[in-house]
Amino acid sequence: LTDPRKGFAHFRDALTHLADAGLTDAVAVVFGNDHDGPPLGIETRYLLGRLRSDRKLAELYAAADLMVVPSTEEGFGKTAAEAMACGTPVVGFDNTGLPDIVDHRSNGFLAARIAPDALAEGITWTLETLDRDPSIRERARSKILRAFDAESVARRYGDLYRRQIARKGAGGPVRTALTA
């Protein structure tokens, strides 16, 4: 809650904004903390400590309508990938590692600006989309199964190594890029 890179202040302000705009039928569940946090404008439950059971964590992800990853610095977004693997769309900022995982307005929402109102827009869009198009859940899950299963990742690494060997053999500079 206190690490500014994790973006909790943006999340808090986004929920306060949504509550002021009339969002009353939502519950925020915040997990991974060792203490309760501040009120967020809507009903909030803080799950204290770490969930040690993969099964319980998967149940939590699957039970949620959406996952908000408000980090302003995120190399990949493991929790986002875990949530999507459970069929839960993700909302976050597009300046982090999330664009490697989330396809904007297909299986989640990537806010273009690091600002609470942009995050609130993403939460609203995702909730409205879930109401009219529940297949967003399947798109979230299928993206992870397609792009991040062991076979797909191994194939991309193999392709990367083959390109590097070919470049090295051609005497060219060795530059790397791994894409999803």
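Remember, it's a predicted structure, so these values are computed and weren't measured experimentally. (Residues numbered from 1 in each chain as written. Predicted model: local features only at pLDDT ≥ 70, side-chain atom pairs only at ≥ 80, totals over all residues. Heavy atoms only, no water.)

**Digging into unusual backbone geometry**
At step 1: The phi dihedral of Arg105 falls on the positive side, at around 60°, and the residue is not glycine.
At step 2: Mapped onto the elements, Arg105 comes out in the loop between β4 (90-93) and β5 (108-111).
At step 3: A relative accessible area of 40% places Arg105 in the partly exposed class. (Helix = DSSP H or I, 4+ residues; strand = E, 2+ residues; numbered from the N terminus. Buried < 20%, exposed > 50% of the residue type's maximum accessible area, 1.4 Å probe, protein only.)

**As for the pairing of β5**
At step 1: Neither face of β5 is exposed, since Gly108 and Leu110 on one face and Phe109 and Ala111 on the opposite face are all buried.
At step 2: As paired elements, β4 and β5 share four bridges and run parallel to each other. When the bridges of β5 are listed, Val91 appears paired with Phe109. (Pairing = 2+ DSSP bridges.)

**Re the layout of surface pockets**
At step 1: Counted as a void, the largest pocket has a volume near 1400 Å³.
At step 2: Forming the boundary of the largest pocket are 42 residues, of which Val29, Val30, Phe31, Met67 and Val68 lie nearest the centre.
At step 3: Contributing elements (two or more residues each) for the lining of the largest pocket: α1 (8-20), β1 (27-33), α2 (54-63), β3 (67-69), α3 (78-85) and α4 (116-132).
At step 4: Looking at which element gives the most residues to the lining of the largest pocket, the answer is β1, with seven residues.
At step 5: Of the residues that constitute the lining of the largest pocket, the class distribution is 26 nonpolar, seven polar and nine charged. (1 Å grid on protein atoms, 1.4 Å probe; cavity = no way out; pocket = protein on both sides within 12 Å on 5 of 7 lines; lining within 4 Å. Points joined across faces, edges and corners; volume = space filled by probe spheres on them. Nonpolar A, V, L, I, M, F, W, Y, C, P; charged D, E, K, R; others polar.)

**Structural notes on the pattern of salt bridges**
At step 1: Under the defined criterion, the tally for this structure stands at twelve salt bridges.
At step 2: For Glu82, the salt bridge identified is with Lys78, shortest N-O distance 3.8 Å. Of this pair, Glu82 and Lys78 are both found in helix α3, four residues apart, which corresponds to roughly one turn of the helix.
At step 3: Lys78 sits in the exposed class, given a relative accessible area of 56%.
At step 4: Here Arg105 makes a salt bridge to Glu121, at a shortest N to O gap of 3.6 Å. Placement of Arg105 in the loop between β4 and β5 and of Glu121 in helix α4 is noted, with a sequence separation of 16 residues between them.
At step 5: For Glu121, a relative accessible area of 42% translates into the label partly exposed. (Salt bridge = Lys/Arg side-chain N within 4 Å of Asp/Glu carboxyl O.)

**Some details on the environment of Ala111**
At step 1: If you trace the backbone, Ala111 turns up in strand β5.
At step 2: When the C-alpha positions of Ala111 and Asn95 are compared, they lie 8.6 Å apart, and in sequence the two are 16 residues distant.
At step 3: Discounting chain neighbours no more than four positions away, the residues touching Ala111 are Gly92, Phe93, Asp94, Ala118 and Leu119. (Contact = heavy atoms within 4.5 Å.)

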